[in-house]
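# Descriptive analysis of the structure
Here is what each chain is made of, one letter per residue.
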Amino acid sequence: MPSPHDKKSARRRIAAPTLAMLPRVGDSLSFLYADVVRIVQDDTGVCAETTTADNETTRVYIPTSALSCVLLGPGTSITQPALATFARHGTTVVCVGSGGVRCYSSTVPPALTTRWLEQQVHHWSDPDRRLDVAQRMYAMRFKTPVPPATTLQQLRGLEGQRMKSLYKLLAQQHRIGRFRRTYDPDSWDSQDPVNLALSSANTCLYGIVHAALTALGCSPALGYVHQGTQLAFVYDIADLYKAELTAPLAFSLHDSHNPEAAARRSFREQLRLYKLLPRIVADVQSLLAPDEVQPLPDGHSVRMVNLWDPRAGSVAAGVNYARNAEVVPAADDKPLPELPGPATPPGEPDLDPR
């Protein structure tokens, strides 16, 4: 007989809120994190199932239409029909590390709107708008207004001064003496515990940011401060939270025997307190569309592809615009050749009066 305790435990593991099972956020995006389950499609819908040692299977159905992003953690398997259902509902599926940290791969459904990607490219493609985003990121990061005339070089200098002062303050608080931030992959084991913990926690932060940008449909490669890597925008957004999240955590582990593992565990355990995924989404939307104060309506998929227009911005697709055509041939344009008419069958006169 199956143990009732095992059955209840399996159901509790699936149904209970986990670290990254977060509430709906500004643009009605919602995230679900799952690990150590098998996600399948049956006649009713998509469900997550676990099997106990007594071969007792417990299933919990997933509200696919209400989800924008599903984070698949370690020990998770998913069938092709379940993936197809997620794609039809416009749900992004991301393979992540334990607790939602690190982003290994992702699927982007065709119904995902390009709204935020277009906003990102719009600001990224113009040097003035790109600098404006960089200035607003600095102001958001350090809660300090930036004069409009501030250059990117000056921003880098200000950022360096701020972080240096922060490291000095944290070192004094934890009484560890002088600290210098170093990152040397070739001499990894010779680094001090704070640097090891900081690098490990930052890597976890990059995974969370990467997953959020993927769910929004943004390009992780188009950064405003960083460039030259497929994760440039990830590094930009992650910098917004380092002074608040990863730096204090790393200094608190200065006497840890295994600072890397301790940083990963601590960061993962505190994700629920940080509520980081909804915050990242809201901050990215604020950076890319600063003039919009009203939240977006429910849903993030598009029903029809639009057409680009340099004046109107966007016009409806699926419409024949032949009546609006105003083609003025150039002076040296030659008239278009006439299409040949149907061939005249042998033995029949050519009735074409031309």
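Anyway, here's the lowdown on the structure attached to this text. Per chain, residues are indexed from 1 in the order of the written sequence. Where totals are concerned, whole chains, interfaces and linings use all residues; where local detail is concerned, this predicted model gives features only for residues with pLDDT of at least 70, and gives and counts side-chain atom pairs only at 80 or more. Here the side-chain values reflect all heavy atoms present in the structure, with hydrogen atoms and water set aside.

Helix and strand assignments come from DSSP, with helices taken as H or I runs of at least 4 residues and strands as E runs of at least 2, each series counted from the N terminus. Counting its regular elements, the chain contains 10 helices and 10 strands. Each of the 354 residues in the chain was classed as buried or not, and the buried ones make up 40%. For the chain, the computed accessible surface area is about 21200 Å², with 54% contributed by carbon and sulfur atoms. Buried means the residue's accessible area, taken with a 1.4 Å probe over protein chains only, is under 20% of the maximum for its type, while exposed means over 50%, and partly exposed covers the values in between. Accessible surface is estimated by sampling points in the Shrake-Rupley manner with a 1.4 Å probe; for residues, cover comes only from the protein chains shown.

Patch membership needs two things, relative accessible area over 30% and no salt bridge, and members are linked within 9 Å if like-charged or within 5 Å if nonpolar (Val, Leu, Ile, Met, Phe, Trp, Tyr). In the sections that follow, a salt bridge refers to a side-chain nitrogen of Lys or Arg positioned within 4 Å of a carboxyl oxygen of Asp or Glu. All tallies of charge rest on Lys and Arg as positive and Asp and Glu as negative; His and the ends of each chain are not included. For the purpose of locating charges, the reference atoms are NZ of Lys, CZ of Arg, CG of Asp and CD of Glu. On the surface, a cluster of positive charge is contributed by K164, K168, R178 and R180. Note on placement: R180 falls in the loop between helix 5 (152–174) and helix 6 (193–216). Classification of R180 as exposed rests on a relative accessible area of 68%.

One requirement defines pairing of two strands: DSSP has to find at least two bridges between them. The strand order across the open sheet built from four strands is 4-3-2-6, with neighbouring strands paired in mixed fashion. Pairing within the sheet leaves two strands with one partner each, and these edge strands are strand 4 (57–61) and strand 6 (77–78). Where strand 2 (residues 38–41) and strand 3 (residues 46–51) come together, four bridges link them in antiparallel fashion. Within strand 3, the residue paired with R38 across the bridge is E49. Here helix 2 (residues 80–88) sits on the sheet in contact with strand 2, strand 3 and strand 6, set at roughly 75° to strand 2. Residue contacts are counted whenever heavy atoms from the two residues lie within 4.5 Å of one another. Interaxial angle, 0 to 180 degrees, is taken between N-to-C directions of lines fitted to C-alpha atoms, where a helix line uses only the stretch in contact.

This brings us to the side chain of D42. As for its position among the elements, D42 is in the loop between strand 2 and strand 3. For this analysis, a polar contact is any N or O atom pair within 3.5 Å, provided that within protein one partner can donate a hydrogen and the other can accept it, and provided that sequence-adjacent residues contribute only side-chain to side-chain pairs. There is a polar contact of 2.9 Å between the side chain of D42 and the backbone nitrogen of T44. Here the side chain of D42 touches R59 through a polar contact of 3.2 Å, side chain to side chain. Discounting chain neighbours no more than four positions away, the residues touching D42 are C47, R59 and Y61.

Residues other than glycine seldom take positive phi values, yet V36 does so here, at roughly 55°. Considering the arrangement of structural elements, one finds V36 in the loop between strand 1 (31–34) and strand 2. A positive phi is found at N55, a non-glycine position, where the angle reads about 65°. Tracing the chain through its elements places N55 in the loop between strand 3 and strand 4. With relative accessibility at 64%, the residue N55 sits in the exposed group.

Turning our eyes to something else, we now look at the packing of aromatic side chains. Any two rings among Phe, Tyr and Trp, with Trp reduced to its six-membered ring, count as a pair given centres within 6.5 Å; such a pair is stacked if its planes are under 30 degrees apart, edge-to-face if over 60, and tilted if neither. Under the counting rule described, the total for this entry stands at six aromatic pairs. Site record: aromatic cluster; members linked through ring pairs are Y167, F179 and F251. The rule for a charge over a ring is simple: NZ of Lys or CZ of Arg within 6 Å of the ring centre, and within 35 degrees of the ring normal. One cation-aromatic arrangement involves R115 over W116; the distance from NZ or CZ to the ring centre is 4.7 Å.

A few words on the pattern of salt bridges. Once their charged atoms are close, side chains differing in charge can pair, the charge on each being opposite to the other. Counted under the stated rule, the structure contains seven salt bridges. Between R279 and E244 there is a salt bridge, with its nearest N and O atoms 2.7 Å apart. On the criterion of sequence distance, the pair formed by R279 in helix 10 (residues 276–288) and E244 in helix 7 (residues 232–252) is long-range, its members being 35 residues apart. R279 sits in the partly exposed class, given a relative accessible area of 27%. Each of R38, D42, E49 and R59 takes part in a single network of salt bridges with overlapping partners.

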